[in-house]
Amino acid sequence: MTFFTLEKKSSASKARAGTLRTAHAEIQTPVFMPVGTAGAVKAVSPREVESTGARIILGNTYHLYLRPGCDLIAQAGGLHRFINWPHAMLTDSGGFQVWSLETLRKVSENGVEFRSHLDGSKHLFTPESVMEAQRKLGADIFMAFDECTPYPATKEEAAKSLALTKLWHERAVRWLTDHPELHGYPQYFFGIAQGGMHEELRAEAIEHIAGLELPGYALGGLSVGEPAEEMYRIADYATNLMPAGKPRYVMGVGTPANLLELISRGVDMFDCVLPTRAARHGTVFTWNGPLHYKAARHAQELDTPIDPDCGCYACRNFSRAYIRHLFVSNEILALELATLHSLHFYQEMMQVARQQILDGTFEVWKKALLEKWKTSEE
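Colleague: Which residues make up helix H6 (residues 127–137), and what values go with them?
Modeller: Buried residues dominate H6, accounting for eight of its 11 residues. Among all positions of H6, only Pro127, Val130, Met131, Ala133, Gln134, Arg135, Lys136 and Leu137 are buried. Following H6 by one or two positions, Gly138 adopts a phi angle in the positive range, close to 80 degrees.

Shown next as structure tokens:
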């Protein structure tokens, strides 16, 4: 089984259409992966996530390691069975979460010693222990343990951080070579290219991953506070150096406009908590731009769905007035319907983007859509 097949590349940009094949799903790219940090996409069931068209979701090693524990999940047959998700899954190594515990962690060449944000207990993550944890979780794709380079960072600071990430990659690969599959199906290990906003360091990171002959490439350390144009610049530079026959993944990004701009720059895979988090706080994404559905002006919109151009369950059956009423009444259903819609929108946007790439019209379509969103009153 070929893991990744590149099917079409835009003649007007670096946008690509391809297919990822895992033991649990075929995933068409470009793809947006909903985030299920602790084994659940917040506010919606796996069946509802599946109804949006999603065929791959994320779990997070840091959170699942702390609660309920990777051993328990392994006893259940892996994360797929534990949460009853029949399709593909990617697990983040927890590197970003540990990095974010600035006052609770201590970084050394060996790994990262940290205190749990739940109870203050002390733990140690090493490249080897994180690989073992992800083996137990059983994700189809799992990520290298890295040190996320902050923004801003001098070249010297970013180089020091990158050296640690490279060392940890090498140790992870050695561990994986000595420890075969646990659940009886392939798990594909992606390297993460760090290097901050410094092109020379990004090139060094990508060359290192290429030397390890890993199945996929991720760009870490983006969407950590830098201007969007800086993110685009680094992604554009980095994808020029990545082999065409392997998937490219920008981690933790982003808005619909971010995704379309990064697709133009040759990125295939995305994840972000934004659509679900924003939905729970009163904002959804639509073909006409963001909609603040909790706003009072929607209270009388009895005949208008969240998005007239959307065919999701929420838009087919409920008005803006009703969903706003649920939200101001603190009804959980508001969060479920809003989340369901935004996930559906992200999946549909990726499907349409893919078709536009296949049809050779992606850049024209993207430009018109971004202009529409820019001028939208909503």
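Colleague: Summarise the packing of aromatic side chains; cite the residues concerned and give the values.
Modeller: Each aromatic ring pair is characterised by the separation of its centres together with the angle its planes make. All told, the structure shown has 17 aromatic pairs when counted by the stated rule. Centroid distance Phe32 to Tyr346: 4.6 Å. Interplanar angle 55 degrees. Geometry classified as tilted. Residue Phe32 is found in strand S4 (residues 31–33), and its partner Tyr346 is found in helix H14 (residues 332–359); the two are separated by 314 residues along the sequence. Neither residue differs from the other here; Phe32 and Tyr346 are each classed as buried.

Colleague: Would you mind going over helix H9 (residues 228–241) in detail, with residue names and values included?
Modeller: The end-to-end C-alpha separation of H9 is 21 Å, in line with the 20 Å expected for 14 residues at 1.5 Å each. Three or more residues of H9 are buried, namely Met231, Tyr232, Ile234, Ala235, Ala238 and Thr239. End-on view of H9: buried residues confined to an arc of 170 degrees, all on one side of the axis. Facing away from the buried side of H9 by over 90 degrees, the exposed positions are Glu229 and Asn240.

What counts, and at which threshold
Residues numbered from 1 in each chain as written. Predicted model: local features only at pLDDT ≥ 70, side-chain atom pairs only at ≥ 80, totals over all residues. Heavy atoms only, no water. Buried < 20%, exposed > 50% of the residue type's maximum accessible area, 1.4 Å probe, protein only. Helix = DSSP H or I, 4+ residues; strand = E, 2+ residues; numbered from the N terminus. Phe/Tyr/Trp six-rings, centres within 6.5 Å; stacked < 30°, edge-to-face > 60°. Expected span 1.5 Å × (residues − 1). Arc of directions from axis to C-beta.

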